[in-house]
Each structure stands twice: as structure tokens, then as C-alpha cells.
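Given next are the chains, with one letter for each unit.
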Amino acid sequence: MFRIWAKEFKDNRMLKDMVVENDSEENRTKKVFAAVDDICYAFDLSKPIWLDKNIAEFKRLDKTRFYADNFVDSIDFDFLEIHVIEE
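What you are looking at is a predicted structure, and each value in this text was computed from that prediction instead of being measured. (Residues numbered from 1 in each chain as written. Predicted model: local features only at pLDDT ≥ 70, side-chain atom pairs only at ≥ 80, totals over all residues. Heavy atoms only, no water.)

Attention now moves to the overall build of the protein chain. Per the secondary structure count, the protein chain includes 2 helices and 4 strands. Going from N to C terminus, the protein chain has its helices and strands arranged as β-β-α-α-β-β. Relative to a compact globule of 87 residues, whose C-alpha radius of gyration would be 12 Å, the protein chain shows 12 Å and is just as compact. Seen through its C-alpha atoms, the protein chain measures out along the principal axes to roughly 35 × 25 × 20 Å. Relative to its full complement of 87 residues, the protein chain shows a buried share of 33%. Pairs at least 24 residues apart make up 45% of the contacts formed inside the protein chain by residues separated by at least 6 positions. By element, 47% of the accessible surface of the protein chain is carried by carbon and sulfur atoms, the whole surface being about 5600 Å². (Helix = DSSP H or I, 4+ residues; strand = E, 2+ residues; numbered from the N terminus. Rg over C-alpha atoms; globule rule 2.2 N^0.38 Å. Buried < 20%, exposed > 50% of the residue type's maximum accessible area, 1.4 Å probe, protein only. Contact = heavy atoms within 4.5 Å. Areas by Shrake-Rupley, 256 points an atom, 1.4 Å probe, with all protein chains shown as cover.)

In C-alpha cells, the structure reads:
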């Protein structure tokens, strides 16, 4: 079971969170992108742009934060954090 926990933060407070589960036979990368798509749909967000910083952080820590510069549209929170909690 592959699970990602997504959290929206503003002023050091969590506004929203959700867990996305995926038990398909796809590879890890496809599961991550599918989870981000589900998170963005649920939170009514545009899909974030993965910068080099995000990719390196996600590879190293299994989590990353998307700030305003990762989104094409304006956002009303400080950052969106995704974290792999189970593989």
C-alpha cells in the first residue's frame, strides 16, 4: 500500500489535510503523480510545478513543500506539503 499525506499550511497552522492511498501495480513515480493529481482536485488547486529543489528534497526525504512559486495560479495558503507515509 502506497500512501501520501498532503497538508496545506498558513501561518504555521494546518488548514486542510488528506491521505491518498494507491495499491496499483504502477511504479513509484506514477503513483506520486497520480496522488498529486488527486490532492489538487480535492483541494481545488492547479497542479504544482516540480522544481529541481522539490525533486531533490523528495528523493532525499520522501517529502517536499510547494510554495507560491510552484503554482501558476495564486494560492491563499503558505505552502502545500506532501509526505510519503507508507510504501
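Overall, antiparallel pairing links the 4 strands, which are arranged β2-β1-β4-β3 in an open sheet. The open sheet terminates on both sides in strands that have one partner only, identified here as β2 (13–22) and β3 (63–66). Within the sheet, the average angular offset between the axes of one strand and its neighbour, ignoring direction, is 20 degrees. Helix α1 (residues 28–43) rests against β1 (2–10), β2 and β4 (79–86) of the sheet, and its axis sits at about 135 degrees to β2. (Pairing = 2+ DSSP bridges. Axes fitted to C-alpha atoms, helices over the stretch in contact; angles between N-to-C directions.)

Along its 16 residues, α1 runs 22 Å from first to last C-alpha, staying within 8% of the 22 Å computed at 1.5 Å per residue. The set of residues buried in α1 consists of Lys 31, Val 32, Ala 35, Val 36, Ile 39, Cys 40 and Phe 43. Buried residues of α1 fall within an arc of 170 degrees about the axis and therefore sit on the same side. Of the residues in α1, the exposed ones pointing more than 90 degrees away from the buried face are Lys 30 and Tyr 41. (Expected span 1.5 Å × (residues − 1). Arc of directions from axis to C-beta.)

Another point: the packing of aromatic side chains. Applying the stated criterion to the full structure yields 6 aromatic pairs. Note on Phe 9 and Phe 79: the rings are 5.0 Å apart at their centroids and 25 degrees apart in plane angle, and the pair reads as stacked. On the criterion of sequence distance, the pair formed by Phe 9 in strand β1 and Phe 79 in strand β4 is long-range, its members being 70 residues apart. Pairing Trp 50 with Phe 58 gives two aromatic rings, centres 5.6 Å apart and planes at 85 degrees, and the pair type is edge-to-face. For Trp 50, a relative accessible area of 21% corresponds to the partly exposed category. Of the aromatic side chains, those joined through ring pairs into one cluster are Phe 33, Trp 50, Phe 58 and Phe 66. (Phe/Tyr/Trp six-rings, centres within 6.5 Å; stacked < 30°, edge-to-face > 60°.)

On their own, these measurements won't tell you what the molecule is for.
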